[in-house]
Protein chains: 2
Amino acid sequence: MTYRRTAVVGAGLIGGSLALRLRDLGVDVVVVDPDPGTRAAAAAVGLVVAETVPGDRDLVVLAAPLDVIVAALPEVAAAAPDAVLVDVGSVKGTVRDACRAHGLEHRWVGAHPMAGTERSGFAHATASLLVGASWAVTRGAGPVADVVRWVVDTFDATAVVLDTDAHDRAVALVSHAPHVLANALLGVVEDAADPAAAHLAAGSFRDGTRVAGRDPLRTRNMLADNAAALGPVLDDLVVLLQHYRRELDDRAALAERLASVTAGADAVRRPEPGWRPCADLDAALAAPGTTLLRRGPSGLELSR
Amino acid sequence: MTYRRTAVVGAGLIGGSLALRLRDLGVDVVVVDPDPGTRAAAAAVGLVVAETVPGDRDLVVLAAPLDVIVAALPEVAAAAPDAVLVDVGSVKGTVRDACRAHGLEHRWVGAHPMAGTERSGFAHATASLLVGASWAVTRGAGPVADVVRWVVDTFDATAVVLDTDAHDRAVALVSHAPHVLANALLGVVEDAADPAAAHLAAGSFRDGTRVAGRDPLRTRNMLADNAAALGPVLDDLVVLLQHYRRELDDRAALAERLASVTAGADAVRRPEPGWRPCADLDAALAAPGTTLLRRGPSGLELSR
């Protein structure tokens, strides 16, 4: 293991699942959460809990809401002075800026497991939730190579290494914009107050709204925290919907637009990384752009 | 059975599934399709096929694309002069107008099974696809009560009886708008050409785009055929997305909007019909608004 003594700050769905995985692997892990009920629930399944971060930790995983992470950074960094700080939130630019402001950039690496459910809280955490997922890892002044090894080895993850701003743009596209569209669709059907609509809803509506109408504050935070990257994507979607709207009366143009979407679908839905052995992780991480890393049968593998 | 000698015109996913169900129930059914390959495939699984509608039919189900239905109406009606005409397409106003133009309104009832897959064609048809689904049935001058009994008894369906225009508005909301949003989302991610986005896509993107990037002509027809009802829904969605976009920088307003969506979600996702016995189907169908009908343990049941 890259890190031997971990603290997980915030035992919600993600932090709780992460702690359960580490416990299952026999790693020394302490769960830190301000909520007595959450600490009790974590202790009840055998996790070690604490109210503050122990000073002997070599890794502190920050799994709290973004505003809590930003507020707690100096205190956590001081409590465990030798620890690497890894946050697992869905937006990275704000955390990088906060680390920079506190002189902690060399101790911080952003990580973001692309997994979750529409539920939240420790009650829904499982040791398997984050295993086998893609994990974004952001490049910066911190120990990126160590954190890449940690996510690959601990979670059987494919690490997607990229710049902080590139991360925030990518998740705006594939996670935050889908949440806006899902809530907009559910909202427009609610507003229509059409007694037939609910009874006629089939698969396209259910799938298109699955992530909508859940914990509104969690969704609000996710969207607002990434406003800088999400705003332009929503602008693009508005323009695109206006095109579709006009082309309802232009069958040739509408067919052309839909055919173009269909033609490009596989590249987005089924990207095919070309894996090859990675002999030098530091050199691989020094290259700009997006780099994928995973553990293959014969060792670390790379795709770019 | 309400009808004893059925013809199904168009053996695609829906028409083929419908014919297979009727065959399994022992109903005399003839499949009419212009494509020799489709007729051969239908014959290969034991269906009776023909190139034209036999004159002895008491029910003709029109399961072809909308433009084919509209073009074929007079010929089909003349070929089977005693048959009730039921179309199973996803848009009803255009069919009603065509029936009216040909003096066939008293012979026509619109039916629309709210089931399907992202696949199309007879090769994907199954006897179970349309069973247990909600079926919209449109009220008009035709024998609505007979068609309600037919869908309830043949497909173990919940019949959602409503006016033609109300049908087209409802499916614009819960079926056609979701298809536009899904294609817009997939398209915006393709256009971004972001190498990280595809690798970071998780559940919200997969669900939000499941129905996108499929058979573009089928989707084009579905959307353009319902332009009159779908246009205003897309207008509403554009306005709504512009609100979300502005509120990315107004956390209180965004939280309020999302909380309102969450508060209204159950009414749309889990409508709870209050079922009661239906003693007089004709009287039930004469009432305005949306009426639900199904077969309960003790007979026909009604919800309004």
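The preceding data block contains the structure.
Now for a description of the structure that goes with this document. (Residues numbered from 1 in each chain as written. Chains lettered and ligands numbered in written order. Predicted model: local features only at pLDDT ≥ 70, side-chain atom pairs only at ≥ 80, totals over all residues. Heavy atoms only, no water.)

## Quick notes on the sheet that holds strand 9 (residues 276-277) of chain A
Adjacent strands of a sheet form backbone hydrogen bonds with each other and so pair up, either parallel or antiparallel.
Residues and elements named next belong to chain A.
Right, on to step 1. Reading across from one edge, 3-2-1-4-5-6-7-8-10-11-9 is the order of the 11 strands in this open sheet, with mixed pairing throughout. Each end of this open sheet is capped by a strand with a single partner; those strands are strand 3 (48-50) and strand 9.
Right, on to step 2. With three bridges connecting them, strand 6 (residues 108-113) and strand 7 (residues 134-139) associate as antiparallel partners. The residue bridging alanine 111 from the neighbouring strand is valine 137, located in strand 7. (Pairing = 2+ DSSP bridges. Helix = DSSP H or I, 4+ residues; strand = E, 2+ residues; numbered from the N terminus.)

## A short note on the side chain of A:Lys92
Residue and element names in this part refer to chain A.
Right, on to step 1. Here lysine 92 is to be found in the loop between strand 5 (84-87) and helix 4 (93-101).
Right, on to step 2. A relative accessible area of 0% places lysine 92 in the buried class.
Right, on to step 3. Among the polar contacts made by the side chain of lysine 92, one reaches the side chain of aspartate 87 at a distance of 2.8 Å.
Right, on to step 4. The residues touching lysine 92, leaving out its near neighbours within four places in the chain, are Asp87, Trp108, Gly110, Ala111, His112, Thr138, Thr164, His167 and Asp168. (Buried < 20%, exposed > 50% of the residue type's maximum accessible area, 1.4 Å probe, protein only. Polar contact = N/O pair within 3.5 Å; in protein donor to acceptor, adjacent residues only side chain to side chain. Contact = heavy atoms within 4.5 Å.)

## Quick word on the nonpolar core
Right, on to step 1. Residues A:Leu200 and B:Leu200 are the most contacted members of the largest nonpolar core, which totals 94 residues.
Right, on to step 2. With near-sequence residues (within four places) excluded, B:Leu200 lies in contact with A:Met114, A:Ala136, A:Val160, A:Leu162, A:His167, A:Ala170, A:Val171 and A:Val174. (Core = buried A, V, L, I, M, F, W, Y, C linked by side-chain atoms within 4.5 Å.)

## Side note on the packing of helix 10 (residues 227-247) of chain A against helix 10 (residues 227-247) of chain B
Right, on to step 1. Axis separation between helix 10 of chain A and helix 10 of chain B bottoms out at 10 Å; the angle between their running directions is 165°. Relative to helix 10 of chain B, the element helix 10 of chain A is oriented roughly antiparallel. For the pair helix 10 of chain A and helix 10 of chain B, the sense of crossing is left-handed. Facing helix 10 of chain A, whose interface residues are A:Gly231, A:Pro232, A:Leu234, A:Asp235, A:Leu237, A:Val238, A:Leu241, A:Gln242, A:Tyr244 and A:Arg245, helix 10 of chain B presents B:Gly231, B:Pro232, B:Leu234, B:Asp235, B:Leu237, B:Val238, B:Leu241, B:Gln242, B:Tyr244 and B:Arg245.
Right, on to step 2. The class makeup of the residues in the contact of helix 10 of chain A with helix 10 of chain B is 12 nonpolar, four polar and four charged. (Axes fitted to C-alpha atoms, helices over the stretch in contact; angles between N-to-C directions. Parallel < 35°, antiparallel > 145°, perpendicular 65-115°, else oblique. Left-handed = near helix turned anticlockwise from the far one by under 90°. Nonpolar A, V, L, I, M, F, W, Y, C, P; charged D, E, K, R; others polar.)

## Points about the environment of A:Leu13
Right, on to step 1. Checked against the element boundaries, A:Leu13 lands in helix 1 (residues 13-24).
Right, on to step 2. Here the alpha-carbon distance between A:Leu13 and A:Ala123, two residues 110 residues apart in the chain, equals 7.5 Å.

## Considerations on helix 5 (residues 144-155) of chain A
Residue and element names in this part refer to chain A.
Right, on to step 1. Its 12 residues place the ends of helix 5 16 Å apart at the C-alpha level, agreeing with the 16 Å of an ideal helix rising 1.5 Å per residue.
Right, on to step 2. Taking burial as the measure, the 12 residues of helix 5 include nine buried ones, the bulk of the element.
Right, on to step 3. Among the residues making up helix 5, those that are buried are Val144, Ala145, Val147, Val148, Trp150, Val151, Val152, Thr154 and Phe155.
Right, on to step 4. At the C-terminal side of helix 5, aspartate 156 shows a positive phi close to 50°. (Expected span 1.5 Å × (residues − 1).)

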